[in-house]
Every structure is written in structure tokens, then in C-alpha cells.
Amino acid sequence: MRTSLRHAAAPLLATSALAVLALTLAACGSDSGSSASPSPSPSAAGVKTISYTKVVDLQHVITEKIPLWPGDPKVVFTPVATFAADGYFLRKFSIGEHSATHMNAPNSFHANGADITSYTPEQLVVPAVVIDVREQCAADADYQMTQQDVLDWEAQHGQIEPGTFVIMYTGWQDKWSDAKAFFNIDAKGNLHFPGFAGATTEWLLAERDIAGVGIDTHGVDPGLDTSYATNTQVTGENKIILECLANLDQLPPTGSTLVLGILRLAKGSGTPLAVTAFVP
């Protein structure tokens, strides 16, 4: 490793992400053993490693002014203790399960789906690729990523490996501070932002066996897709959906490893989370 681990996310969520990483790396380690019984090679032992030169925080800072899906509860911070009255500072906060940078659970789209606690630690450390479609999205706010977009990307970077998390980089992260632009709602109440075409997601699941999909908009489904085709398909296989990602401009097309610090909310339909990227 050529750098030391740092994080800038909110303490609770960032600690979750680092805890997942620590547990994973510990699980991958091996005992030193005696000189007569050397440890097996990493490949023989199934050891996984994360090599990186920098760490990128993919989580937006949570404030009371973040863009919220129409109808979702507001973010509220309430003081509980102060230095003047109690000798220490403490707040409580309230936030929707699908607000800020967040992960969706199957039970949000399937009546009998599993909740957010169903995801294993192994699922929360995942290699990622980034498909940059900013140009297409700038020309068409309703753009849906196609299979051809993926094939064009693969022609440059190689075929997507099974178990890879696929990120669609739309450029919408730059609109985060402007809720009106971020949701782009028309006079009829329709949302206009880009996302994965349902047919593309179906192909990625069937032909590339991906780990899930993520995006820098408020939905992996385009704003106009009220059937939520991508969310439904991916969560139907208990795979990962990440929305409202940040700092995607700091990730290369391939090689990054994501560590997801979820909150294990009982019966949770989703959770705000820390997403930490280890970049080669």
C-alpha cells in the first residue's frame, strides 16, 4: 500500500464502512504458522487483497437541504445535549431510508423481499467499473443507458467480469446543490433524469452476472420509468442498488473496489450509507 487510510464521511456511517473493510481483510489473512508448515500461497488460500493509491468518499454530506424524492420525509437534526447545559454535545436526527447517498433493499420493491439486513459482509466489498455517459445525458435528460453503451465501453476496457458492480456516471452529481435541477420536474409532475434502461439491466444480469448497479442520480431507473424496472430486477436477485453517489469523476473506468458501510436497520427498506472507493 502506498497510502494511509483516511475518511471524511460522517463518523457513524464512515466507521461502518471501515469496519466492513477491517473484518474483510482480517478474514482474508492467514496465521504465520511454523517454519515446517509454510502458509499456502494467496491463490491457493483464496486470499483477496485490495491494492490502492488513494481513497475516495462517494457519499454526499447529509444536511437538511439535500435533494429529497417528492413526498419523502425531511431531514431533521434536533439538539439533545449542549455543552452549556450538559457538558457535552449530542443531536438526534431523522432521515428517510432512501435519502442522501443510499442503498435500496428488496422489500422496497417486492412485497415479500428481504430487508437491508439480508446483505452479507462479503457482498459489501465489491469491484466496480464506471461507464461514463455524461455526454449522452447532457444532450438528453431522459437518457437510458443501452446495451450498446456497455459494449462500446467493453471494447476499450475489456468485458465486465462476473461479480462486478456497474456504475452509470451521468454527471448529475454536479446538480446536487440544486434540487430543482437534480429532479428536473416538469409542469405535469414528471421527473426527468437519466438511468439504466430496463433491457440493459436484464442483459447485464443475465450475460455479465453483475453484483448490482449504481448511479449519481436519485434513481437507477430513469425519472420517467415509474415501473422501476432496474430496481425491481436487481433487488429481485438480492443484489446491490446504490443511488445519489458522489465524486464519480475521481474514479477510473476499472480497478476500484467499493466498501459499503450500511446501517443494519431492522426490516429496513434501504439505508443511507458510506461508500468508500479504494482506487488503484
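These figures come from a predicted structure and were not determined experimentally.

Peer 1: Is there a simple way to think about the overall build of the protein in this case?
Peer 2: In terms of helices and strands, the protein carries eight helices and 13 strands. The 280 residues of the protein split such that 45% are buried. Summarising the internal contacts of the protein: among those between residues at least 6 apart in sequence, 74% fall at separations of at least 24. Element-wise, carbon and sulfur atoms account for 53% of the exposed surface of the protein, whose accessible area totals about 13800 Å².

Peer 1: Even after reading the chapter, I still don't get the confidence of the model for the protein, so can you show me in this structure?
Peer 2: As a general rule, the predicted coordinates of low-pLDDT regions are not to be interpreted in detail. The pLDDT averaged across the protein works out to 89; a share of 84% of its residues lies at or above 70. Below a pLDDT of 50 lies the segment residues 1-42, which in the model reaches 54 contacts outside its immediate sequence neighbourhood of four places, other chains included.

Peer 1: How should I be thinking about helix H5 (residues 147-157) in this particular structure?
Peer 2: For an α-helix, 3.6 residues make a turn, and residues three or four places apart therefore share a direction. Of the positions making up H5, those classed as buried are Asp149, Val150, Trp153 and Glu154. For H5, the angular spread of the buried residues around the axis is 135°, confining them to a single face. Residues of H5 that are exposed and point over 90 degrees away from its buried face: Ala155 and Gln156. Where the residues of H5 are buried, they touch strand S5 (125-132), helix H4 (134-139), strand S6 (144-145) and helix H7 (198-207).

Peer 1: Please explain the nonpolar core as it appears in this structure.
Peer 2: Within soluble globular proteins, side chains that are nonpolar generally end up buried alongside one another. Formed by 33 residues in total, the largest nonpolar core has its most connected members in Ile160, Val166, Met168, Phe196 and Val213. For this core, the elements supplying multiple residues, two or more each, are S5, H5, strand S7 (165-169), helix H6 (179-183), H7 and strand S9 (212-215). No other element matches the three residues that H7 contributes to this core. Ignoring anything within four residues of it in the chain, the contact list for Ile160 reads Val129, Val150, Trp153, Glu154, Val166, Leu204, Arg208 and Ile210.

Peer 1: Is there a simple way to think about the packing of H7 against helix H8 (residues 229-236) in this case?
Peer 2: Two numbers describe how H7 lies on H8: the axes approach to 8 Å, and their chain directions differ by 20°. Here H7 lies roughly parallel to H8, going by the angle between them. As H7 runs across H8, the sense of the crossing is right-handed. Residues Gly198, Thr201, Glu202 and Leu205 of H7 form the contact with H8, whose participating residues are Ala229, Thr230, Gln233 and Val234. Partitioning the contact of H7 with H8 into residue classes produces three nonpolar, four polar and one charged.

Peer 1: I tried to follow the sheet that holds strand S10 (residues 240-243) on my own but got confused; where do I start?
Peer 2: Sheet strands line up and pair through hydrogen bonds in the backbone, either parallel or antiparallel. What the nine strands build is an open sheet, ordered S1-S13-S11-S5-S7-S9-S10-S4-S12; its pairing is mixed. With partners counted over all chains shown, the strands left at the sheet margins are strand S1 (54-57) and strand S12 (270-272), one partner each. Pairwise comparison of adjacent strand axes, ignoring direction, gives a mean angle of 25° for this sheet. Summarising the sheet, strand S4 (residues 102-104) and S12 pair through three bridges and their orientation is antiparallel. The residue bridging Asn104 from the neighbouring strand is Gly270, located in S12. Contacting S4, S9 and S10, H8 crosses the sheet at an angle of about 140° to S10.

Peer 1: What exactly am I supposed to notice about a nonpolar patch on the surface here?
Peer 2: On the surface, a nonpolar cluster with roughly 550 Å² of combined accessible area is contributed by Val80, Phe83, Tyr88, Phe89 and Leu90. Following the sequence through the fold, Phe83 ends up in helix H3 (residues 83-86). Overall, the relative accessible area of 62% leaves Phe83 in the exposed class.

Peer 1: Any chance you could explain the pattern of salt bridges here in plain terms?
Peer 2: When their charged atoms lie close together, side chains carrying opposite charge are able to pair. Scanning the entire structure with this criterion turns up four salt bridges. The salt bridge involving Arg134 is made with Asp132; its shortest N-O contact spans 2.7 Å. For Arg134, a relative accessible area of 37% translates into the label partly exposed. For Asp132, a relative accessible area of 38% corresponds to the partly exposed category. Residue Asp209 is joined to Lys239 by a salt bridge in which the shortest nitrogen-to-oxygen separation is 2.9 Å. One end of the pair, Asp209, is in the loop between H7 and S9; the other, Lys239, is in the loop between H8 and S10, and 30 residues separate them in sequence.

About the criteria used
- Sequence positions are assigned chain by chain, starting from 1 and proceeding in written order.
- Only residues with pLDDT of at least 70 are given local features in this predicted model, and only at 80 or more are side-chain atom pairs given and counted; all residues enter the totals for whole chains, interfaces and linings.
- Based on all heavy atoms of the structure, the side-chain values leave hydrogens and waters out of the count.
- Here a strand is any run of E in DSSP of at least two residues, a helix any run of H or I of at least four, and the numbering for each starts at the N terminus.
- Relative accessible area decides the class of each residue, using a 1.4 Å probe on protein chains only: under 20% of the type maximum gives buried, over 50% gives exposed, and in between gives partly exposed.
- By definition, residues are in contact when any of their heavy atoms lie within 4.5 Å.
- Only the protein chains shown count as cover for residues, with accessible areas throughout obtained via the Shrake-Rupley method and a probe of 1.4 Å.
- The predictor's confidence in any single residue is recorded as pLDDT, a number from 0 to 100.
- Relevant arc is that of directions from the helix axis to the C-beta atoms, nothing else.
- Take the buried Ala, Val, Leu, Ile, Met, Phe, Trp, Tyr and Cys residues and link them wherever side-chain atoms come within 4.5 Å; each set so joined is a nonpolar core.
- Between N-to-C directions, angles cover 0 to 180 degrees, with each direction set by a line fitted to C-alpha atoms, over the stretch in contact for helices.
- Note on terminology: angles under 35 degrees are roughly parallel, angles over 145 are roughly antiparallel, angles of 65 to 115 are roughly perpendicular, and the others are oblique.
- Each crossing gets its handedness from the near helix: less than a right angle anticlockwise from the far helix is left-handed, clockwise is right-handed.
- Amino acids are sorted into nonpolar (Ala, Val, Leu, Ile, Met, Phe, Trp, Tyr, Cys and Pro), charged (Asp, Glu, Lys and Arg) and polar (every other residue, Gly among them).
- Two strands are said to pair when DSSP picks up at least two bridges between them.
- Here the term patch refers to residues with relative accessible area over 30% and no salt bridge, with like charges joined within 9 Å and nonpolar side chains (Val, Leu, Ile, Met, Phe, Trp, Tyr) within 5 Å.
- Salt bridge criterion: a side-chain nitrogen from Lys or Arg within 4 Å of a carboxyl oxygen from Asp or Glu.

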